[in-house]
Amino acid sequence: MKIAIIGAGNLGLSIAKGILNSNGATTMFLTKRNVESLQPYEKYGIVTTSTNNREAVEKSDILIFAVQPGHFVKILEEVKDLITDKHVIISTITGFSIEKIESIIGADNYIIRAMPNTAISVGKSMTCICCNQKGTKRVDLALAIFNRMGHSMQIPEDQMQAATVICASGIAFWMRLIRATTQGAIQLGFDAKEAQELAMYTCNGAASLLIESESHPEKEIDRVTTPKGCTISGLNEMEHQGLSSSLIRGIVTSFEKISDIKKNQPN
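Description of the structure in this document.

Rules used throughout
Residues numbered from 1 in each chain as written. Predicted model: local features only at pLDDT ≥ 70, side-chain atom pairs only at ≥ 80, totals over all residues. Heavy atoms only, no water. Pairing = 2+ DSSP bridges. Helix = DSSP H or I, 4+ residues; strand = E, 2+ residues; numbered from the N terminus. Axes fitted to C-alpha atoms, helices over the stretch in contact; angles between N-to-C directions. Contact = heavy atoms within 4.5 Å. Buried < 20%, exposed > 50% of the residue type's maximum accessible area, 1.4 Å probe, protein only. Salt bridge = Lys/Arg side-chain N within 4 Å of Asp/Glu carboxyl O. Core = buried A, V, L, I, M, F, W, Y, C linked by side-chain atoms within 4.5 Å.

Bringing the sheet that holds strand β2 (residues 27-31) into the picture now. What the 8 strands build is an open sheet, ordered β3-β2-β1-β4-β5-β6-β7-β8; its pairing is mixed. On the outer flanks of this sheet lie β3 (47-50) and β8 (150-154), each paired with one strand and no other. On average, each strand axis in the sheet is tilted by 20° relative to the strand beside it, whichever way the strands run. Two strands pair when backbone bridges link them, and strand β6 (residues 110-115) and strand β7 (residues 125-131) are joined in this way by 4 bridges, in the antiparallel orientation. By the bridge assignment, I112 is partnered in β7 with C131. Docked against the sheet, helix α4 (residues 98-105) engages β5 (88-91), β6 and β7, running at close to 145° with respect to β6.

What follows concerns unusual backbone geometry. Phi angles above zero are rare outside glycine, and E214 is one such case at about 50°. With respect to the helices and strands, E214 occurs in the loop between α7 (192-213) and α8 (217-224). In the Ramachandran plot, K228 falls in the positive-phi region, its phi being about 60° despite a non-glycine side chain. Along the chain, K228 falls in the loop between α8 and α9 (230-240). By relative accessible area, K228 is classed as exposed at 86%.

Applying the stated criterion across every chain yields a total of 8 salt bridges. A salt bridge links K134 to D85; its shortest N-O distance comes to 2.6 Å. Residue K134 is located in the loop between β7 and α5 (139-147), and its partner D85 is located in the loop between α3 (69-79) and β5; the two are separated by 49 residues in the primary sequence. D85 gets classed as partly exposed once you look at its relative accessible area, which sits at 47%.

Ranked by internal contacts, the top residues of the largest apolar core, which has 30 residues, are I19, M28, L30, I90 and F146. Of all the secondary structure elements, the ones that give two or more residues to this core are β1 (2-6), α1 (10-21), β2, β4 (62-65), β5, β6, β7 and α5. Contacts of F146, omitting those with residues within four sequence positions, involve I15, I90, T92, A114, P116, I120, T127, I129, H151 and S152. Among the nonpolar cores identified, the runner-up in size contains 29 residues, and F29, F65, I104 and C128 belong to it.

Structure (structure tokens):
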């Protein structure tokens, strides 16, 4: 695949690493206003670093845009005359709708939105993907690209805000739960380093159990709870203190906030 990543900042470079480390490209352009920080990527023989977005578009088939939202319109205007039927446009820009992209480059293009989270930097992103009508013919390609950096799922565009809360904000929610478990372990006598190691590897194991066994959380909970045991006692106390309720309310509040932000954005 001939890939261009327009806007090789933190997210763009994380995507580039995932693709390069899995041999997912035949050529790759990385563009940025200051390319000095991109020079280490030239060790991959297939990578070209450049400030020239037009050249990157001309010489690539898959265009992944990872620029700041305020720069996206200008960049699309700059390259739209070069976009042909060979190009697949993948936008990672939060809150920038497919309709708005179509209004700039036209609806007769393969347009896909992808919303990865920060775990993409370690190849563990949960990425949600949606597309326009024409993009349905290339969405499997986008899913394959992001599956190299974790797991991806196709959803309707009207669920992208909710997915932002569950997957992107969700990283912070899970970090806070891991932090709380760490603090509990410290109170039980472990030092801080040991406590965090215990918490994060247990969290990783819980997720892996569900992924690999395709099981349900309650089924796995049943496996480790015994009558009058310590696990059920702890779980019940957490629920009495509102663990599940607080988490759900936090998710809903986060969604309400992102909906307000979206509502107040200029068209």
